[in-house]
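Next come the chains, spelled out residue by residue.
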Amino acid sequence: MDRFPCETATMAVPGAQLSGRIALVTGSTRGIGFGIAKALYAAGCDVMLSGRGEEGEQVAEHLARSGERGRVGYAAADLREHDAATALLAACSAQLGEPDILVNNAGVQHVAPVACFPDERWDEIIALNLSAAFRLSRSVLHGMRRRGWGRIVNIASVHGLVASEGKCAYVAAKHGLLGLTKTVALEVAGDGITCNAICPGWVRTELVERQIERIAAERGVPIEDAASELLRAKQPMRRFSTPEGIGDLVAFLCGEKAATMTGSAITMDGGWVSI
Ligand code: NAD
């Protein structure tokens, strides 16, 4: 898979002029998070990238070279750890300043039936996909309130709205993330801050590639046949959503034209939850 899909500079989303805003995007060294980082950078933001450590410096350099005027920062963070959110925010403040925009995107998946789901995978998924978003949101709200402006976007999933077999921890975490989104939205409604969630269906990133490989191995079929089967089972449009599409939606949510959108859960799922 191409590590830097869409080599050309992303066009800024109309209405999303975010010059001077500082955006922190978790899990942005690849996949959906990198698509979001590119879109916010193209809209004029200074962007703080973060990931678990793999090639993050190179990804940050790559983004900084893509021709926009903003600054790019990077810090590795294992957001399963309790104190990692504080350390990441300190790194963001030191490199770029306090974030005006927080995108809680980092997430992992594990597929197994409830009856044999391992404790450590349950704890990891709840810690990263849900608790890290809570801790980062709690910490950034003070500064956003002080400045009278802020945007929090949580990358949930269709699994925040519906379940699938074998994904108990992921489904529980993503349903929880939608609850967190609505609660934060209500609490900051008078402060110039919005909080929304995006609920993608299948996007062909490393997280999904591993599930495709598992289907291919179980059925003894080629990878592309397994990918088609994955789409056929859940996504009526039978095409993957893209990191760039989700990135542009985030940029729109951060712009002034979305100033009254808050507490929402927006699907980009090829029809998955319409079935
Ligand atoms: P990915 O595996 O391609 O990327 C995950 C990112 O999270 C990477 O940058 C990685 O470094 C980071 N990360 C992993 N473990 C971490 C940890 N312990 N601490 C900090 N960062 C960590 O995944 P993706 O498909 O781009 O998924 C991004 C988000 O989108 C996730 O929350 C996922 O649940 C959600 N999502 C993905 C899909 C999909 O089809 N790919 C669909 C719906 C929702």
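Residues numbered from 1 in each chain as written. Predicted model: local features only at pLDDT ≥ 70, side-chain atom pairs only at ≥ 80, totals over all residues. Heavy atoms only, no water.

The next thing to look at is the domain arrangement of the protein chain. As assigned here, the protein chain comprises domain 1 (17-201 + 242-268) and domain 2 (202-240). For domain 1 versus domain 2, the separation of C-alpha centres amounts to 25 Å. Listed by partner, the interface residues are 15 residues for domain 1 and 11 residues for domain 2. Counting each side, the surface lost to burial between domain 1 and domain 2 is near 900 Å², with a carbon and sulfur contribution of 59%. When the buried surface of domain 1 facing domain 2 is broken down by residue, Arg-30, Val-111 and Gly-201 rank first, second and third, together holding 41% of it. Measuring nitrogen to oxygen at the nearest pair gives 3.5 Å for the salt bridge that ties Arg-30 to Glu-206. (Domains from an automatic or database assignment. Contact = heavy atoms within 4.5 Å. Buried area = accessible area lost by both parts, 1.4 Å probe. Salt bridge = Lys/Arg side-chain N within 4 Å of Asp/Glu carboxyl O.)

Let's shift gears to the packing of aromatic side chains. If you walk through the whole model with that rule in mind, you get 1 aromatic pair. Ring centres of Trp-202 and Trp-272 lie 5.2 Å apart, and the angle between their planes is 50°; on these two criteria the pair is classed as tilted. Of the two residues, Trp-202 is situated in the loop between β6 (193-200) and α6 (206-219) and Trp-272 in the segment after β7 (265-268); the sequence distance between them amounts to 70 residues. Across from the ring centre of Trp-149, 3.6 Å away, lies the NZ or CZ of Arg-21, which sits over that ring. (Phe/Tyr/Trp six-rings, centres within 6.5 Å; stacked < 30°, edge-to-face > 60°. Helix = DSSP H or I, 4+ residues; strand = E, 2+ residues; numbered from the N terminus. Lys NZ or Arg CZ within 6 Å of the ring centre and 35° of its normal.)

Near the ligand there are 31 residues, and of these Thr-29, Asn-105, Tyr-170, Val-203 and Thr-205 occur at the shortest range. Within the backbone of Ile-32, a nitrogen or oxygen atom sits 2.9 Å from an oxygen atom of the ligand. Between the ligand and the protein, one listed contact pairs an oxygen atom with a side-chain N or O atom of Tyr-170 at 2.5 Å. With the chains in place, 97% of the 830 Å² that the ligand exposes on its own is no longer accessible. It is α6 that provides the largest number of residues to the shell around the ligand, a total of 3 residues. When its residues are assigned to classes, the shell around the ligand shows 14 nonpolar, 10 polar and 7 charged. (Near = heavy atom within 4 Å. Polar contact = N/O pair within 3.5 Å; in protein donor to acceptor, adjacent residues only side chain to side chain. Areas by Shrake-Rupley, 256 points an atom, 1.4 Å probe, with all protein chains shown as cover. Nonpolar A, V, L, I, M, F, W, Y, C, P; charged D, E, K, R; others polar.)

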